[in-house]
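A look at the structure
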Amino acid sequence: DVKVTQSSRYLVKRTGEKVFLECVQDMDHENMFWYRQDPGLGLRLIYFSYDVKMKEKGDIPEGYSVSREKKERFSLILESASTNQTSMYLCASLRESGELFFGEGSRLTVL
Amino acid sequence: GENVEQHPSTLSVQEGDSAVIKCTYSDSASNYFPWYKQELGKRPQLIIDIRSNVGEKKDQRIAVTLNKTAKHFSLHITETQPEDSAVYFCAARQNSGNQFYFGTGTSLTVIP
């Protein structure tokens with residue numbers, strides 16, 4: 001069965017902390033994505049990766065970085081968390097059919 | 001880049017009635033248009049999609065129509081049921097890349 005697993009469903013962090021959001025897919029997909037979801041703003045692309053060690057900026061990369069050392073794992077990093085990064089973060093991988101398959105999401109609160 | 005607009009942002013219908021959600025896109029190079037449903041607290045899931053070489057696609061109570069000339073596409077849900085209550089997102093993707101551009105979502109409530 002298809003699976004995209006996000007390591008943490010809920011996180012609470014303090015301003016200035018470094019935050020790691022992990023995402024693992026077991027489908028050998030090349031393309032993986034990180035989105036941010038906010039009410040009224042829909043899904044906004046932060047970064048995506050089309051291969052190991054390859055990454056591309058999305059629409060809102062400021063304040064974020066990513067790491068893809070292995071094909072199955074795509075990590076989103078907040079170097080110094082700020083309150084405006086409080087949000088729902090969704091990881092996705094791209095199936096051969098063209099479907100984006102999403103993880104369950106990580107809800108981050110920055111105090 | 002692509003700009004996808006989605007309307008309405010909220011929609012309430014009586015059970016059994018039809019619901020229509022509309023999206024427009026700006027880039028004529030977009031050729032794949034999926035619709036995702038997100039139930040409360042769950043991940044978005046693909047419910048139907050359409051490619052630019054097709055004008056309409058149906059799957060039971062759900063249909064999507066595409067007008068390439070006008071650059072708009074719509075989701076139609078007939079005989080709505082309470083379990084159709086969710087947030088629906090449209091998206092567009094270009095053939096040349098794998099970046100998806102999403103609309104801002106429609107919160108559909110089906111009133112029993």
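One structure accompanies this document, and this report is about it. (Residues numbered from 1 in each chain as written. Chains lettered and ligands numbered in written order. Predicted model: local features only at pLDDT ≥ 70, side-chain atom pairs only at ≥ 80, totals over all residues. Heavy atoms only, no water.)

What follows is about the overall build of chain A. Across its full length, chain A holds 0 helices and 11 strands. For chain A, restricting intrachain contacts to residue pairs at least 6 apart in sequence, the fraction spanning at least 24 positions comes to 53%. Surface exposure of chain A reaches about 5,400 Å², of which carbon and sulfur atoms provide 48%. Side chains of chain A carry 16 positive and 17 negative charges; the gap between the two charge centres is 6 Å. (Helix = DSSP H or I, 4+ residues; strand = E, 2+ residues; numbered from the N terminus. Contact = heavy atoms within 4.5 Å. Areas by Shrake-Rupley, 256 points an atom, 1.4 Å probe, with all protein chains shown as cover. Lys, Arg positive; Asp, Glu negative; His and termini not counted. Charge placed at Lys NZ, Arg CZ, Asp CG, Glu CD.)

Residues and elements named next belong to chain A. Relative to the elements of secondary structure, H29 occurs in the loop between β3 (19-25) and β4 (32-38). Looking at H29, the relative accessible area reads 3%, which means it is buried. Sequence-distant contacts of H29, defined by excluding residues within four places in its chain, comprise R68, K71, S93, L94, R95 and E96. (Buried < 20%, exposed > 50% of the residue type's maximum accessible area, 1.4 Å probe, protein only.)

So, on to the pattern of salt bridges. All names here are of chain A. In the structure shown here, the tally under the stated rule is 11 salt bridges over all chains. Residue D38 is joined to R36 by a salt bridge in which the shortest nitrogen-to-oxygen separation is 2.7 Å. Each member of the pair, D38 as well as R36, is classed as buried. Residues participating in the shared-partner salt-bridge network are R36, D38 and R44. (Salt bridge = Lys/Arg side-chain N within 4 Å of Asp/Glu carboxyl O.)

A few words on the pairing of strand β7 (residues 62-67) of chain B. Residue and element names in this part refer to chain B. Pairing of strand β6 (residues 56-59) with β7 involves 4 bridges; the strand directions are antiparallel. Residue pairing for β7: E56 is matched across the bridge by T65. Relative to strand β8 (residues 72-77), β7 runs antiparallel, the two sharing 6 bridges. Each residue of the ladder has a partner; that of L66, found in β8, is F73. Remark: 4 residues form the turn of the hairpin made by β7 and β8, two consecutive strands paired antiparallel; K71 in that turn has positive phi of roughly 55°. (Pairing = 2+ DSSP bridges.)

Attention shifts here to the environment of A70 of chain B. Within the element layout of this structure, A70 of chain B appears in the loop between β7 and β8. Expressed as a C-alpha distance, the spacing of A70 of chain B and T24 of chain B, which sit 46 residues apart in the sequence, is 8.2 Å.

Turning next to the sheet that holds β8 of chain B. Adjacent strands of a sheet form backbone hydrogen bonds with each other and so pair up, either parallel or antiparallel. Residues and elements named next belong to chain B. Taking strand neighbours across the sheet as the criterion, the 5 strands line up as β1-β3-β8-β7-β6 in an open arrangement whose pairing is antiparallel. A single partner strand is all that each edge strand has here, and the edge strands are β1 (4-7) and β6. With direction set aside, neighbouring strand axes in the sheet form an average angle of 15°. (Axes fitted to C-alpha atoms, helices over the stretch in contact; angles between N-to-C directions.)

With that settled, consider the nonpolar core. In globular proteins that are soluble, nonpolar side chains generally tend to be buried together. Counting 24 residues, the largest nonpolar core has W35, F73, L75 and L108 of chain B as its most contacted members. Breaking this core down by element, the ones donating at least two residues are β2 (10-14), β3 (19-25), β4 (30-38), β5 (45-51), β7, β8, β9 (86-94) and β11 (106-111) of chain B. (Core = buried A, V, L, I, M, F, W, Y, C linked by side-chain atoms within 4.5 Å.)

This next bit is on the state of the cysteines. Linking two cysteines covalently via their sulfur atoms produces the bond known as a disulfide. In total, this model carries 2 disulfides over all chains according to the counting rule given. In this model, C23 of chain A is linked to C91 of chain A through a disulfide, with the two sulfur atoms separated by 1.9 Å. Here the disulfide of C23 of chain A and C91 of chain A is left-handed, its torsion about the S-S bond being about -75°. Placement of the pair is C23 of chain A in strand β3 and C91 of chain A in strand β9 (residues 87-94), with a sequence separation of 68 residues. You'll find C23 of chain A and C91 of chain A in the same group, each marked buried. Between the sulfur of C23 of chain B and that of C90 of chain B lies a disulfide, 1.9 Å long from S to S. (Disulfide = S-S within 2.5 Å.)

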